[in-house]
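Each chain, written out:
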Amino acid sequence: MARRALPATATALTAIATLTLTACGGGGDAKSDDIKGADTGAATPTVSASAGSGQPDLSLPSDVHVEFDVTQPSGARHAAALSSAKNYILALKHGITAQDPKDPAYQLYSLGNATKYAQKQIQAWVDGEWTATGTDSYYKARTDNVGGSRGVLVTMCRDQSKSYGKNVKTNKIKYTKASLDDYQEFRLLMASPQDAQKIWKVLQIEVQGRVKECQR
């Protein structure tokens, strides 16, 4: 899949955060567009839904891995926001490997533009007859309060140099040479829980490509 960043900027994302979250009732208590090859302390394993839990399946095929090497925030709000941001990223990968643009996983963890983004990403992979293989890594996570909206902006680096596309019909893997194109910065604007599910959800997402600061 071709790699390209979204056109929005971090400044623009932050500038609209308060207005957008407020419009959505944001309160809360104290590649296609570069999910390439499709996609907290120590690396976090992929989570599957528990029987009868009512939560969507986030499991991945045995040849697909998503790693999160981030430190969990001490504050409950920021910790919950980061956890849901990670689940949204997992849900994107799950939808790609399941070849389901209407997968319930990303719908649980997103609202508005972030929901549309996920569906568009997954649909592009399905239309291109591609799925994912390899390892996607996320690290250098940061969480910040957003104005008076009580939302949280989650920022993470991404290394997709070991994540590849695989043709669903031939199983042929499209290997790519590691380069600056593999390093991105994800910015996810999180809206605080609004219903009985008590789940933070991604409202806006921006992916900045070719980020030298994310190289390692």
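In case you missed it, the structure is sitting above this.
Below is a short write-up of the structure.

Before going further, it helps to spend a moment on the overall build of the protein chain. On a plain count of helices and strands, the protein chain comes out with four helices and six strands. Just so you have it, the protein chain exposes about 9,800 Å², and 52% of that area is on carbon and sulfur atoms.

Under the counting rule described, the total for this entry stands at three aromatic pairs. Here Tyr138 and Phe186 contribute two aromatic rings whose centre-to-centre distance is 5.5 Å and whose plane-to-plane angle is 85°, an arrangement assigned as edge-to-face. Of this pair, Tyr138 sits in strand S2 (residues 130-146) while Phe186 sits in strand S5 (residues 183-191), and the two are 48 residues apart along the sequence. Both rings, one in Tyr164 and one in Tyr175, keep their centres 4.9 Å apart while their planes meet at 65°; by these two values the pair is edge-to-face. Taken together, the positions of Tyr164 in strand S3 (residues 151-167) and Tyr175 in the loop between strand S4 (173-174) and S5 put the pair 11 residues apart, joining distant regions of the chain.

Tracing the backbone shows Arg187 in strand S5. Polar side-chain contacts of Arg187 include one of 2.3 Å to the side chain of Glu185.

About the criteria used
Residues numbered from 1 in each chain as written. Predicted model: local features only at pLDDT ≥ 70, side-chain atom pairs only at ≥ 80, totals over all residues. Heavy atoms only, no water. Helix = DSSP H or I, 4+ residues; strand = E, 2+ residues; numbered from the N terminus. Areas by Shrake-Rupley, 256 points an atom, 1.4 Å probe, with all protein chains shown as cover. Phe/Tyr/Trp six-rings, centres within 6.5 Å; stacked < 30°, edge-to-face > 60°. Polar contact = N/O pair within 3.5 Å; in protein donor to acceptor, adjacent residues only side chain to side chain.

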